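# Chain and residue survey
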Amino acid sequence: MTFDKNLVCHECQKLFVFSEGEQQFFEQRGLTNLPKRCANCRLSAKFRRNGENLDNLHKIDCTTCGALTVVPFKPSEERPVYCRACFMKIREEAADKDSFSEIAV
Ligand SMILES: [Zn+2]
Ligand SMILES: [Zn+2]
């Protein structure tokens, strides 16, 4: 049985939620360490590693849950943008639909 955990991000020192779903995701991958950074800092670190220009990052509110997240593109107004958790959920639900296009990381 897992529960949502509140963790402190080592980078921005803010509290973030290590959700039940994420914990299961970690478990499935055999990861035993707790995440050190919040989703936003993890994303920024990933973009830095990939050599993405951080100036291109846009802070957006997830269309579904309203969580603040960053995307490496300028979101267009008519397309929904999701945080990572919602994106993964939607992708799972749409796994058998070929028409689904990837828009988030
Ligand atoms: Zn952070
Ligand atoms: Zn969301």
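Everything that follows concerns the structure shown earlier in this document.
Attention now moves to the overall build of the protein. Each helix and strand counted, the protein has three helices and four strands in total. Ordering the α and β elements of the protein from the N terminus gives β-β-α-α-β-β-α. Of the roughly 7,700 Å² that the protein leaves accessible, carbon and sulfur atoms contribute 49%.

The next subject is the coordination of the zinc ion (ligand 2). Tetrahedral coordination by four donors sets the ideal angle at the metal to 109.5 degrees; octahedral coordination by six donors sets it to 90 or 180 degrees. On the protein side, the zinc ion (ligand 2) has Cys 62 (SG), Cys 65 (SG), Cys 83 (SG) and Cys 86 (SG) as donor atoms, found 2.2 to 2.3 Å from it. One way to put it: the four donor atoms around the zinc ion (ligand 2) meet at angles of 105 to 113°, and that makes the site tetrahedral. The sequence pattern describing where the donors of the zinc ion (ligand 2) fall on their chain is C-x2-C-x17-C-x2-C. With Cys 65 in the loop between β3 (58-61) and β4 (68-71) and Cys 86 in helix α3 (residues 84-93), the pair connects residues that are 21 residues apart, well separated along the chain.

Now for the pattern of salt bridges. Pairing of side chains with opposite charge becomes possible as their charged atoms draw close. Tallied over the entire structure, the rule returns three salt bridges. A salt bridge links Glu 11 to Arg 48, with the nearest nitrogen and oxygen atoms 3.6 Å apart. With a gap of 37 residues between them, Glu 11 in the loop between β1 (5-8) and β2 (15-18) and Arg 48 in helix α2 (residues 39-49) connect regions that are remote in the sequence. Of the residues examined, Arg 48 reaches a relative accessible area of 44% and is grouped as partly exposed. A salt bridge links Arg 42 to Glu 22; the nearest nitrogen and oxygen atoms lie 3.4 Å apart. Here the residue Arg 42 occupies a position in helix α2, and Glu 22 occupies one in helix α1 (residues 20-28), the gap between them amounting to 20 residues. One continuous salt-bridge network, built from bridges that share partners, spans Glu 11, Arg 37 and Arg 48.

Further remarks concern the nonpolar core. Counting residues in hydrophobic clusters, the biggest one holds seven residues: Leu 7, Cys 9, Phe 16, Phe 18, Phe 26, Cys 38 and Cys 41. Dropping the residues within four chain positions of it, Cys 9 is found in contact with Lys 14, Phe 16, Lys 36, Arg 37, Cys 38 and Cys 41.

Turning next to the coordination of the zinc ion (ligand 1). Looking at the zinc ion (ligand 1), one finds its protein donor set to be Cys 9 (SG), Cys 12 (SG), Cys 38 (SG) and Cys 41 (SG), positioned 2.3 to 2.4 Å from the metal centre. Note that the zinc ion (ligand 1) binds four donor atoms; their angles at the metal cover 103 to 116°, and the shape is tetrahedral. Counting residues between consecutive donors of the zinc ion (ligand 1) along the chain gives the motif C-x2-C-x25-C-x2-C. In this pair, Cys 9 sits in the loop between β1 and β2 while Cys 38 sits in the loop between α1 and α2, placing the two residues 29 residues apart along the sequence.

Note that Lys 89 resides in helix α3. It is 9.5 Å that separates the C-alpha atoms of Lys 89 and Gly 21, two residues lying 68 residues apart in sequence.

What counts and what doesn't
Residues numbered from 1 in each chain as written. Chains lettered and ligands numbered in written order. Predicted model: local features only at pLDDT ≥ 70, side-chain atom pairs only at ≥ 80, totals over all residues. Heavy atoms only, no water. Helix = DSSP H or I, 4+ residues; strand = E, 2+ residues; numbered from the N terminus. Areas by Shrake-Rupley, 256 points an atom, 1.4 Å probe, with all protein chains shown as cover. Donors = N, O, S within 2.8 Å, 3.2 Å for Na, K, Ca; no water. Tetrahedral: all angles 85-135°; square planar, octahedral: opposite > 155°, others 65-115°. Salt bridge = Lys/Arg side-chain N within 4 Å of Asp/Glu carboxyl O. Buried < 20%, exposed > 50% of the residue type's maximum accessible area, 1.4 Å probe, protein only. Core = buried A, V, L, I, M, F, W, Y, C linked by side-chain atoms within 4.5 Å. Contact = heavy atoms within 4.5 Å.

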